[in-house]
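The residues making up each chain are set out below.
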Amino acid sequence: MSQLFSPTTLGQLQLKNRIAIAPMCQYSAVDGLATDWHMIHLGNLALSGAALLMLEATAVSPEGRISAYDLGLWSDEHVQALQPVVAAIRRHSPIRLAVQIAHAGRKASSAVPWEGGANIAPEHGGWQTVAPSAVPHADGETVPLALDEAGLAKVKADFVATARRVHALGIEAIELHGAHGYLLHQFLSPLSNQRTDRYGGSLENRMRFPLEVFAAVREAVPREVAVGVRISASDWVEGGWDVAQSVVFANALKALGTDFMHVSSGGVSPRQKIPVGPGYQIGFAERIRRETGLPTIGVGLITEPEQAESIVLQGQADMVALARGILYDPRWPWHAAAKLGAQVDAPPQYWRSQPHNLKQLFGETRLGQR
Ligand SMILES: Cc1cc2nc3c(=O)[nH]c(=O)nc-3n(C[C@H](O)[C@H](O)[C@H](O)COP(=O)(O)O)c2cc1C
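Residues numbered from 1 in each chain as written. Predicted model: local features only at pLDDT ≥ 70, side-chain atom pairs only at ≥ 80, totals over all residues. Heavy atoms only, no water.

- Per an unreviewed UniProt entry, the recorded name for the protein chain is Oxidoreductase, and the organism is Pseudoduganella dura.
- The protein chain has a UniProt comment under Cofactor (unreviewed entry) that states "FMN". (UniProt positions renumbered as here; feature names shortened; annotations may be inferred.)

This is the structure:
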C-alpha cells in the first residue's frame, strides 16, 4: 500500500494523495489578470492526478509583483478573470486548489524576468519598491522604501483583501508566500531587516509583521479554508535566517492556527550558496515537522516516485510538492502510481475513449474513476 497515494489533511482540507503541485510563476498575466495561458496551463496540471494544485505567486497589490506579468488578485476584476479558470477545473477535475498570495517587497519590479533584469528604477518605468529597510536586494539595484506604520497597515490590508478574494473564488487553501526573499521573508531575515523599531532586531521583533499578517488572513477566512505559509528555512548565508529560527516561527504560526508549513529555502541574498541536489531541502521540512507537529510539505528536486514515497513513509514530510518535474511530465502522478502499484484519478474522457491503450500501460485497476 503506497503512502504517497494515501489520503491526508491540511487543516480541514481533505486530500486524496500526498502530491502537491508547487506554485510556479508563469509571467503570463496582463495587468495581473489571468489569461488563456492560465486556462490551458492550470487545466493541464489539474488533470495530472495530483491532489493539490497551488497557483503561482499572486500579488496582493500591483507594486508587490516581481514582474509586470505576475498574476494578481488586488481587485474584483482579477477575481472575474480567474473565475472561468477555476470553474473549468471544477467541472473536469477533483483536484483541490490553493493560491499563493504574495508581495515581493524589495524584489518587486516591472522588469522582464526572462531578459535578465530585476528591480527597474521608478525613473525607468519600474515602480517604487518597499521593504522592511532601505536595503536593496543586490548592489546596484534600486533602493526600496522602508515601510512606515501606514505602509505596514496597507500591506496587511492588501493580504487580507486578497485572501477574501481567494475565498470568494471558492478556492479551498491559501498559502502566504514567506519564502524566496519575498516581503514577509525580508522581515524575518536579519540580512534584509535592519529596523530598530518593534519590527526589527530580535527574532521576536522580526517575526512580528509576518505573524500579524498571518493572523489577519487566518481571521479573514473561515476555518474550512486551509491557511499555511511557505518559508525559506535557511538563507544559506552565515548570520542569516536559519532552520532553528524557522522552528520558532513555525511554532508561533501554529499557535495562530496555521494548517501547514511548506518548506523551501534561499532567495533573500545573492550571497547564498545552496547545495542543490536531490531532496536538498527535505531535512528542513523533517525538522520543522518533528519539532512542531504541523502538517508539512517538502519541496525541491523531488523527481522520483520511490524518493517521494520514502519521504512520506519515513515521515520527513506529509506531502511532497513538485515544480519542474511536473512541468516536464504533467502525468507524473500516473507514472508514480504505476510504479508504486497505486490508484490515481484519470479523466473519464481519456478512460472512456482509449480503454485499451490505458489498460495496456497501467493495468486494469490503476486508473480510477473519480
Ligand atoms: C517556472 C517556475 C516558477 C516558480 N514560481 C514560484 C512561485 O511563484 N512561488 C514560489 O514560492 N516558488 C516558485 N518557484 C519555485 C518552486 O515552487 C519550487 O520551490 C522549486 O522549483 C523547487 O522545486 P522543483 O525542484 O520541483 O522544481 C518557481 C519555480 C519554477 C521552476
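## Brief notes about the overall build of the protein chain
Here comes step 1: Of regular secondary structure, the protein chain possesses 12 helices and 15 strands.
Here comes step 2: Here the C-alpha radius of gyration of the protein chain, 20 Å, is about what a compact globule of 370 residues would show, namely 21 Å.
Here comes step 3: A separation threshold of at least 6 residues defines the contact pool for the protein chain, and within that pool the share at least 24 residues apart is 70%.
Here comes step 4: If you sum the accessible surface of the protein chain, you get close to 14600 Å²; carbon and sulfur atoms cover 53% of it. (Helix = DSSP H or I, 4+ residues; strand = E, 2+ residues; numbered from the N terminus. Rg over C-alpha atoms; globule rule 2.2 N^0.38 Å. Contact = heavy atoms within 4.5 Å. Areas by Shrake-Rupley, 256 points an atom, 1.4 Å probe, with all protein chains shown as cover.)

## Description of the pairing of strand β10 (residues 226-232)
Here comes step 1: Burial analysis of β10 places 7 of its 7 residues in the buried class, the great majority of the element.
Here comes step 2: In the sheet, strand β9 (residues 173-178) pairs with β10 via 6 bridges, with the strands oriented parallel. Counted as the bridge partner of His177 is Arg230 from β10.
Here comes step 3: Note that β10 and strand β11 (residues 260-264) share 5 bridges and pair parallel. Bridging across to β11, Gly228 finds its partner in Phe260.
Here comes step 4: Handedness of the β10-helix α6 (residues 243-255)-β11 crossover: right-handed. (Buried < 20%, exposed > 50% of the residue type's maximum accessible area, 1.4 Å probe, protein only. Pairing = 2+ DSSP bridges. Right-handed = clockwise from strand over helix to strand, strands pointing away.)

## Observations regarding the environment of Asp242
Here comes step 1: Within the secondary structure, Asp242 is located in the loop between β10 and α6.
Here comes step 2: As for Asp242 and Leu294, which are separated by 52 residues in sequence, their C-alpha atoms are 18 Å apart.
Here comes step 3: Within the local environment of Asp242, its side chain forms a polar contact with the backbone nitrogen of Gln245, the two atoms lying 3.0 Å apart. (Polar contact = N/O pair within 3.5 Å; in protein donor to acceptor, adjacent residues only side chain to side chain.)

## Comments concerning the environment of Asn44
Here comes step 1: Looking at where Asn44 falls in the secondary structure, it is placed in helix α1 (residues 36-46).
Here comes step 2: Placed 58 residues apart in sequence, Asn44 and Ala102 show a C-alpha to C-alpha distance of 24 Å.
Here comes step 3: Aside from chain neighbours lying at most four places away, what touches Asn44 is Pro330 and Arg331.

## Section: the nonpolar core
Here comes step 1: In terms of nonpolar packing, the biggest core is built from 82 residues, with Leu53, Ile101, Ile174 and Leu176 touching the most fellow members.
Here comes step 2: Those residues within four positions of Leu53 in sequence are excluded, and the remaining contacts are Ile21, Leu42, Leu45, Ala46, Ile89, Ile95, Arg96, Leu97 and Ala98.
Here comes step 3: By size, the runner-up hydrophobic cluster in this structure holds 16 residues, among which are Leu10, Leu15, Ala20 and Met54. (Core = buried A, V, L, I, M, F, W, Y, C linked by side-chain atoms within 4.5 Å.)

## A few points about a nonpolar patch on the surface
Here comes step 1: A surface patch of nonpolar side chains, about 280 Å² in accessible area, is lined by Trp37, Met39 and Ile40.
Here comes step 2: As for its placement among the helices and strands, Trp37 is situated in helix α1.
Here comes step 3: Here Trp37 falls in the partly exposed class, since its relative accessible area comes to 35%. (Patch = residues over 30% accessible without salt bridge, like charges linked within 9 Å, V, L, I, M, F, W, Y side chains within 5 Å. Salt bridge = Lys/Arg side-chain N within 4 Å of Asp/Glu carboxyl O.)

## Concerning the confidence of the model for the protein chain
Here comes step 1: Within the protein chain, residue pLDDT values average 93, and 91% of them lie at 70 or more.
Here comes step 2: Across the protein chain, the element-wise mean pLDDT spans from 56 in strand β15 (residues 367-368) up to 99 in β11. (pLDDT = per-residue confidence, 0-100.)

## Section: the pairing of strand β12 (residues 296-299)
Here comes step 1: Side chains Thr296 and Gly298 project from β12 onto one buried face, and the interleaved Ile297 and Val299 project onto a second face that is buried too.
Here comes step 2: Pairing analysis gives 3 bridges linking β11 to β12, with the strands arranged parallel. Across the sheet, the residue bridging to Val263 is Gly298, located in β12.
Here comes step 3: Crossover β11 to β12 through helix α7 (residues 282-292) is right-handed.
Here comes step 4: Where β12 meets strand β13 (residues 319-322), 3 bridges bridge the pair, whose relative direction is parallel. The residue of β13 that forms the bridge with Ile297 is Met319.
Here comes step 5: On the question of chirality, the crossover connecting β12 to the parallel β13 by way of helix α8 (residues 305-313) is right-handed.

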